[in-house]
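Structural features, examined
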Amino acid sequence: MLHTTNPEILFLKQEDVVKAGLLDMKQILEVTEKTYSLLGQGHIKNPPKTNTSIPDKANWQSFFNSMPSYIGGDVNIAGIKWAAESKKNATIPGIPYGIDISILSDPETVLPFCILDGTLITAMRTSAVGGVLAKYTAPSNTETATLVGAGVIGRTMLSALHEALPQIKTMYLADLEIEKAEELAKEYSESLGVEIIPTTDAKAAALKSQLIVGETTARTPIIDKSWLTPGCGLVTMHTAEVSDEVILAAENIAADYWTQMRTHANPLARLSQEGKLDESGIIDLCELVLGKKKLRTSDDQFVMSASLGLGALDIMIGYQMYLNATKMGIGTKVALWDNPLWE
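Note that the structure is predicted; figures quoted are calculated from it, not measured. (Residues numbered from 1 in each chain as written. Predicted model: local features only at pLDDT ≥ 70, side-chain atom pairs only at ≥ 80, totals over all residues. Heavy atoms only, no water.)

**Things to note about the overall build of the chain**
What counts here: Secondary structure elements are taken from DSSP: a helix is a run of H or I of four residues or more, a strand is a run of E of two residues or more, and numbering for both begins at the N terminus. Based on C-alpha atoms, the radius of gyration is set beside the globule rule, defined as 2.2 Å times the residue count to the power 0.38. A 1.4 Å probe rolled over the protein chains alone gives each residue an accessible area, and that area as a share of the maximum for its type sets the label: buried under 20%, exposed over 50%, partly exposed in between. Note that accessible areas follow from Shrake-Rupley with a 1.4 Å probe, and for residues the cover is restricted to the protein chains shown.
Helices and strands together make up the secondary structure of the chain, namely 11 helices and 16 strands. Taking 2.2 N^0.38 as the reference for a compact globule, 343 residues should give roughly 20 Å; the C-alpha atoms of the chain span a radius of gyration of 20 Å, in line with that estimate. Seen through its principal axes, the chain has C-alpha atoms that stretch 65 × 45 × 40 Å. Out of the 343 residues in the chain, the part that is buried amounts to 54%. Carbon together with sulfur atoms contributes 53% to the accessible area of the chain, which is approximately 15700 Å² in total.

Dropping the structure here:
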């Protein structure tokens, strides 16, 4: 890193981040795997995210998550993601449901050197993690997958699965609003070169698939054991969508970062606290990436993996966009001060 005393900050608006290559899923998958490799080698500090919900967590109408991290190794930067969502935004045209920003800082002088839009980074990194998890979760004979949810993450998950598992020939895209699924299928079928079949019957699609990827915002379980076929794999990006019986039926379970997941309200953490799930058997994604453990040892096993989100990944992707942007000469430079008062 620079170890600079220059108070200059590069501001990257959403359009700048896109121009810097954010929508290149292959690049994002590479950064994702490197992040989990660094995590597994002990080069990343990633405290559990803190949540501020308004008016409270049970009845939230909006919330803010603070996600700080430090990435060492050959990167050596610090940063924080400020992630927020508002239910009201779902009723307001022209404004995203979730709005995120990231700040990148020099760990030696603690000066911020980049502030960038993080909303699209969230969508890309969420699906990139899903893609990496799918690579270890899917049986080797996977040619058909079902994606449950045709929202923003459904959009990016199509690309992530295509890059992570290029052998997939057919993807069912399930959503209660068939129009959303049809729109994405029309947009991506030709560019990805796979058959994308819109459907409202997620269970029927799952029963035809070797891999199921849940990416809904469901607050109660919708995926139960009747969805499963022998040897299938399940990736869930929101564990509330999966029933306890599915979790307990899994021969092996992987988490994107169990140290964090176990501190938050989710079915895996609850089942562990209740003594129904042995947390010592939960495999971290970094262990899979580093080849220390295997999630699947045969195509006959039902295995699953779950993600909560890793702040360090937003910072790593943000840093890659910063590097790309500086090479391309894009973004707006601002100064934190002209001369610091009371230094």
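**Let's talk about the pattern of salt bridges**
This is how it is decided: Throughout this description, the term salt bridge denotes a Lys or Arg side-chain nitrogen within 4 Å of a carboxyl oxygen of Asp or Glu.
One pass over the structure, following the stated rule, counts 13 salt bridges. Glutamate 187 is the salt-bridge partner of arginine 155, the closest N and O atoms lying 2.8 Å from each other. In this pair, arginine 155 sits in helix H4 (residues 152-164) while glutamate 187 sits in helix H5 (residues 178-192), placing the two residues 32 residues apart along the sequence. Two residues, lysine 276 and glutamate 274, come together in a salt bridge whose shortest N-O distance is 3.5 Å. Classification of lysine 276 by relative accessible area gives exposed; the value is 53%. Among the residues examined, glutamate 274 registers a relative accessible area of 41% and is labelled partly exposed. Connected through shared salt-bridge partners, Lys81, Asp100, Arg125 and Asp314 make up one network.

**Brief notes about the sheet that holds strand S15 (residues 303-306)**
What counts, and what does not: Only when DSSP finds a minimum of two bridges between them are two strands counted as paired. Throughout, a contact is declared for two residues whenever any of their heavy atoms are within 4.5 Å. Orientation is described by axes fitted as lines to C-alpha atoms, over the contacting stretch for helices, and by angles from 0 to 180 degrees between their N-to-C directions.
Taken in spatial order, the eight strands of this open sheet run S10-S9-S8-S11-S12-S15-S13-S14, and their pairing is parallel. This sheet does not close on itself; its edge strands, each paired only once, are strand S10 (195-199) and strand S14 (283-284). In the sheet, strand S9 (residues 170-174) pairs with S10 via five bridges, with the strands oriented parallel. Within S10, the residue paired with threonine 170 across the bridge is glutamate 195. Packing against the sheet, helix H3 (residues 119-137) makes contact with strand S11 (211-214), strand S12 (233-236) and S15, and its axis sits at approximately 160° to S12. Across the face of the sheet, H5 comes into contact with S9 and S10 while running at roughly 170° to S10.

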